[in-house]
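Listed below are the residues making up each chain.
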Amino acid sequence: MIKTGITKLNQLSNDKTFCRKELKNVSITLYDQTLHLVDGDQLAERILLLFSDERGAYKRTYQKRFEAFDLAVIKMLKKLPPPQTFHDCGVSDGRTGLDFFEKMVSAFPEIQYFASDYNPSVFVLEKGKLKVTLSHTGKILEILFPPFVFNKIKRDSFRHYPLNHLILFFIEKFWVNSLIKKYQQGLVKAKEQLLFAPKVLQKAQTDKRFQLGQHDLLQPFKEPDCIIRAMNVLNPSYFSETEFAQVIRNLYEGLRENGLLIAGSNQEAGTIVNGGIYQKKGNGFSKVFNSGEGAPIESLLLNFKI
Ligand SMILES: C[S@@+](CC[C@H](N)C(=O)[O-])C[C@H]1O[C@@H](n2cnc3c(N)ncnc32)[C@H](O)[C@@H]1O
């Protein structure tokens, strides 16, 4: 079998393959072309559905992904001393961060909200019809060569798509490798493509309380915050056990005393969130709010001791 991808905007708007079995890769290079379209939000969600960052974490996200959970969290926060600073990590294109920011500011108008992601932008090299998308560390994420879109991180199965692998081998050998070499020699420039959604960028420009940036959960936080939120990112498929030990230590040190960690995971918009609120107390975390089965890393969090 051979699998083509979605390489043009009109193919994306007319995409009839939206069934899980034969879902096509959509090139991330179409992301900024959706920005001004009426149905741009849905198209952007579709583009991010199968795209992953260089660590193999999916960038998928949905508008109003956890409304009920967010409202329950706000209700809980209102019972506690008002927070001043908030760090929302792993926000992908930021739409869920913006959803939550809107709720936070109406409850706590003084809040300083920072929304970050590991890969908030990608870099695109272009030569003729070929487009090579790189991460901020220079790793190849995607190769577009119409009619193909090769996801280099989440690769198609070799058993089902041997021809795709063969074609990719030749494209890399004859075109990609030389383009990368020229880029490394400074002979070709890459174009930065921000992955934050337009309304998210716009909010950051018009409201000083809402800021965007880059942060890697594997690295220490710059300064301790009152609340850290990490939704659909603290999943066992994204971090090894050793990495989780580091991530949890960073979260602990990234919170002020009595600070709160909001963590949880769900599927599509509106599905139940397995999560909770965990408070930094003394030398560990204690749970102050539960949703569903609790966060996927709950046992690690509650067993953590400094
Ligand atoms: C599935 S998306 C979740 C997006 C959003 N929080 C939501 O719930 O819809 C996971 C996001 O976590 C980010 N991520 C993965 N590893 C990370 C890390 N080490 N530090 C920060 N973000 C990370 C990915 O780049 C991706 O954007």
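Criteria and cut-off values
Residues numbered from 1 in each chain as written. Predicted model: local features only at pLDDT ≥ 70, side-chain atom pairs only at ≥ 80, totals over all residues. Helix = DSSP H or I, 4+ residues; strand = E, 2+ residues; numbered from the N terminus. Rg over C-alpha atoms; globule rule 2.2 N^0.38 Å. Buried ≥ 20, exposed ≤ 12 C-beta atoms within 10 Å, placed from the backbone. Contact = placed C-beta atoms within 7 Å. Near = placed C-beta within 6 Å. Nonpolar A, V, L, I, M, F, W, Y, C, P; charged D, E, K, R; others polar. Pairing = 2+ DSSP bridges. Axes fitted to C-alpha atoms, helices over the stretch in contact; angles between N-to-C directions. Domains from an automatic or database assignment. Core = buried A, V, L, I, M, F, W, Y, C linked by C-beta atoms within 7 Å. Parallel < 35°, antiparallel > 145°, perpendicular 65-115°, else oblique. Left-handed = near helix turned anticlockwise from the far one by under 90°. Arc of directions from axis to C-beta.

What follows deals with the overall build of the protein chain. Along its length, the protein chain carries eight helices and 12 strands. In terms of overall dimensions, the protein chain is globule-like: its C-alpha atoms have a radius of gyration of 20 Å, near the 19 Å expected for 306 residues. C-alpha atoms of the protein chain, sized along the principal axes, occupy 60 × 40 × 40 Å. In the protein chain, which comprises 306 residues, the share counted as buried stands at 40%. Long-range contacts, defined here as pairs at least 24 residues apart, represent 61% of the contacts in the protein chain between residues at least 6 apart.

Around the ligand, 24 residues are found, and the nearest of them are Ala 57, Thr 61, Gly 90, Tyr 118 and Asn 232. Among the residues making up the shell around the ligand, the classes are represented as 10 nonpolar, seven polar and seven charged.

Taken in spatial order, the five strands make up an open sheet running 6-5-4-3-7, and their pairing is antiparallel. In this open sheet, the two edge strands, each paired with only one partner strand, are strand 6 (148–151) and strand 7 (191–194). In this sheet, neighbouring strand axes are inclined to one another by 20° on average, regardless of whether the strands run parallel or antiparallel. Across the sheet, helix 5 (residues 162–184) lies against strand 3 (121–127), strand 4 (130–134), strand 5 (140–145) and strand 6, angled at about 70° from strand 4, the strand it touches most.

The strand order across the open sheet built from seven strands is 8-2-1-9-10-11-12, with neighbouring strands paired in mixed fashion. The open sheet terminates on both sides in strands that have one partner only, identified here as strand 8 (210–214) and strand 12 (284–291). Ignoring which end each strand starts from, the neighbouring axes of this sheet average 20° apart. Here strand 9 (residues 225–231) runs beside strand 10 (residues 255–265); their pairing, made up of six bridges, is parallel. Pairing of Arg 229 across the sheet is with Ile 262, part of strand 10.

You can read the domains of the protein chain as domain 1 (9–51 + 121–192) and domain 2 (67–119 + 196–303). Every contact between the two is made by six residues of domain 1 and, on the other side, five residues of domain 2. Of the residues that constitute the side of domain 1 that touches domain 2, the class distribution is four nonpolar, two polar and no charged.

We now examine the environment of Asn 303. Along the chain, the position of Asn 303 falls in helix 8 (residues 298–303). Sequence separation between Asn 303 and Phe 285 is 18 residues, and the spatial gap between their C-alpha atoms is 8.1 Å.

Let's shift gears to the nonpolar core. Of all hydrophobic cores here, the largest spans 71 residues; its most connected members are Ile 47, Ala 230, Val 233 and Leu 261. Composition of this core by domain shows at least three residues from each of domain 1 (9–51 + 121–192) and domain 2 (67–119 + 196–303). Excluding its chain neighbours within four sequence positions, the residues that come into contact with Val 233 are Ala 57, Cys 89, Gly 90, Leu 217 and Tyr 238.

Turning next to the packing of helix 3 (residues 67–77) against helix 4 (residues 95–107). Running from N to C, helix 3 and helix 4 point in directions that differ by 30°, and their axes come no closer than 11 Å. Viewed along their axes, helix 3 and helix 4 adopt a mutual orientation that is roughly parallel. Crossing hand, helix 3 versus helix 4: right-handed. Here Asp 70, Ile 74 and Leu 77 of helix 3 lie close against helix 4, whose contacting residues are Asp 99, Phe 100, Lys 103 and Ala 107.

The subject of this paragraph is helix 6 (residues 198–206). Restricting attention to buried positions, one finds in helix 6 the residues Val 200, Lys 203 and Ala 204. Taken down its axis, helix 6 places every buried residue within 100° of arc, on the same side. For helix 6, the exposed residues set more than 90 degrees away from the buried face come down to Gln 205 and Thr 206.

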